[in-house]
Amino acid sequence: MRLVFAGTPDFALPCLEAALASGDEMLAVYTQPDRPAGRGRQLAPSPVKQCALLHGIEVRQPESLRTPEAQEALRALQPDLMIVVAYGLLLPQKVLDIPQHGCWNVHASLLPRWRGAAPIQRAVEAGDPETGVCLMQMEKGLDTGPVLLRQRTPIADLETAGDVHDRLATLGANLLRDGLSLLRRGLRPVPEIQAEEGVTYARKLEKSEARLDWSRDAGMLANAVRAYSPWPIAEAELAGERVRVHRAQAEEGSGTPGTVIAASRDGITVACGRGALRLTQLQRDGGRVIGALDYLNARPALRA
C-alpha cells in the first residue's frame, strides 16, 4: 500500500516505526512546523520529523491542510491510506476524502470517553480504572469516527500520565500494525459506531491547572499529581514555600487544609478538605527532585 503518515510528538513515534516496518511504501510524513523550544527558544524539529529524516522519508510541514495548495500536494501523492497520530492539525473533509481508504487515527482513549487533546492526562486525573487505544476511521467531527480496533489496559493506582503515555504508545503501534495487516489482506476491520452515551471531552492541559488547592479532596489531588507528570508538574504551597510535587498519595487524616500534620522519611502529610495528601517526591525552586527525607533535612522545623 501507499501510505502517508501525519504526527508530531513522541507518542506518534512507535506508530511511525510500525508503519515504516510494515513493508508498505511510505510516500511522505507530515508534521507540525518547527517550533521554538528550550531556554534559547531556538526552532526545533518535532520528534516525528527527526525520525522521518533518519529514514530518508520526505517531510512536509504545512501550517494548514485547509488550503487548496496543501490539498493538491497531498492528492498528487495518490495515497491509499493516511495514518494520523497526534498530528495537531485538523483535517478538513476534502483531505479525509483523498486517500482510497480514508484516514486512520490512533487515539489514546477508549472512545467515546475522552475525545480531544489530552485523553491520557484526563483519564488519570479522573481516576479512571482503565484506558486504552482506539484505531479510528476519521470523519469531520472531533474523534467521532467509527472505531476499527481497540485495546484496553488498566491504570495502576500510582501510575503517572507519563507511565500510561509510554504504554499506550506501544499498544497503539501494535493496534496499527494489526489494522494494516488486515487491510493488506483485504480484510478491512469492521467499523464500530461510537455510542452516543458516555461521551467526555479531554480539554487541553494548561499550566495554570497545576496549582494544588488544599481545600479539595485528597484523592482528587493525588490524581492531579499523577496526571500532571511529566508536565506541567503539580505545584503547591508547603509551610510557606512553593514546591513542585512529583509523587504523592492520598490517605486518612484531618486538620486545617494546607497544614502539615505529619512529617517523616516516608513523606510529608498535608491536611486537605477531605483526607490528607502524603508528599513523597518534591522539588524546591531551582533544585532537583528529592525525597521527603532530603526535603526535611533542608527544613528541619517541619519535623516539630
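Basis of the calculations
One numbering rule holds for all chains: residues counted from 1, following each sequence as written. Reporting in this predicted model follows two pLDDT cut-offs: at least 70 for local features of residues, and 80 or more for side-chain atom pairs to be given and counted; totals over whole chains, interfaces and linings ignore these cut-offs and use all residues. With hydrogens and water stripped out, all remaining heavy atoms of the structure feed into the side-chain values. Here, a strand pair is defined by DSSP locating no fewer than two bridges between the strands. Secondary structure elements follow DSSP: runs of H or I no shorter than four residues count as helices, runs of E no shorter than two count as strands, and numbering proceeds from the N terminus. Pairing of N or O atoms within 3.5 Å defines a polar contact, subject to two protein rules: one partner must be a possible hydrogen donor and the other a possible acceptor, and residues neighboring in sequence count only if both atoms are side-chain atoms. Residues count as neighbours in contact if any of their non-hydrogen atoms are within 4.5 Å of one another. Definition used for salt bridges: Asp or Glu carboxyl oxygen within 4 Å of a side-chain nitrogen of Lys or Arg. Three labels apply to residues, based on accessible area from a 1.4 Å probe with only protein chains included: buried if under 20% of the type maximum, exposed if over 50%, partly exposed otherwise in between. As a rule, the C-alpha atoms of each element are fitted with a line to give its axis, helices using only the stretch in contact, and angles between N-to-C directions run from 0 to 180 degrees. Angle categories are assigned with fixed cut-offs, so that under 35 degrees is roughly parallel, over 145 is roughly antiparallel, 65 to 115 is roughly perpendicular, and the rest are oblique. Left-handed describes a crossing whose near helix is turned anticlockwise from the far helix through less than a right angle; right-handed describes the clockwise counterpart.

A. Highlighting the sheet that holds strand S2 (residues 25-30). Here we have 7 strands laid out as an open sheet, ordered S5-S2-S1-S6-S7-S9-S10, and mixed in their pairing. Unpaired on one side and paired on the other, strand S5 (59-60) and strand S10 (147-154) mark the two borders of the sheet. Bridging between strand S6 (residues 81-85) and strand S7 (residues 103-107) involves 3 bridges; their strand directions are parallel. Paired with valine 84 across the bridge in S7 is asparagine 105.

B. Quick peek at the side chain of serine 109. Take serine 109: it is sitting in the loop between S7 and strand S8 (115-116). A polar side-chain atom of serine 109 sits 3.2 Å from the main-chain carbonyl oxygen of tryptophan 114. Excluding its chain neighbours within four sequence positions, the residues that come into contact with serine 109 are Trp114, Pro119, Thr131, Gly132, Val133 and Cys134.

C. Representation of the pattern of salt bridges in the model. Under the definition given, this model contains 18 salt bridges. Taking the shortest distance from any N to any O, the salt bridge between glutamate 241 and arginine 299 comes out at 3.4 Å. Of this pair, glutamate 241 sits in strand S13 (residues 241-251) while arginine 299 sits in the segment after helix H8 (292-298), and the two are 58 residues apart along the sequence. Across the pair, arginine 299 and glutamate 241 agree in class, each one buried. Connected through salt bridges with shared partners, the residues Arg122, Glu125, Arg203 and Glu209 form a single ionic network.

D. Inspection of the packing of helix H1 (residues 13-20) against helix H2 (residues 47-54) at higher detail. Close contact between H1 and H2 brings their axes to 10 Å; oriented N to C, the two are set at 25 degrees. As judged from the angle between their axes, H1 and H2 are roughly parallel. Note on packing geometry: the crossing formed by H1 with H2 is right-handed. Along its contact with H1, which presents Leu13, Leu16 and Glu17, the element H2 presents Pro47, Val48, Cys51 and Ala52.

E. Broad picture of the pairing of S6. Counting buried positions along S6 yields 5 of 5 residues, so the element is predominantly enclosed. Neither face of S6 is open: one carries Leu81, Ile83 and Val85, the other Met82 and Val84, and all of them are buried. Where strand S1 (residues 2-7) lies against S6, 5 bridges are found, and the strand directions are parallel. Looking at the pairing, valine 4 lines up with methionine 82 of S6.

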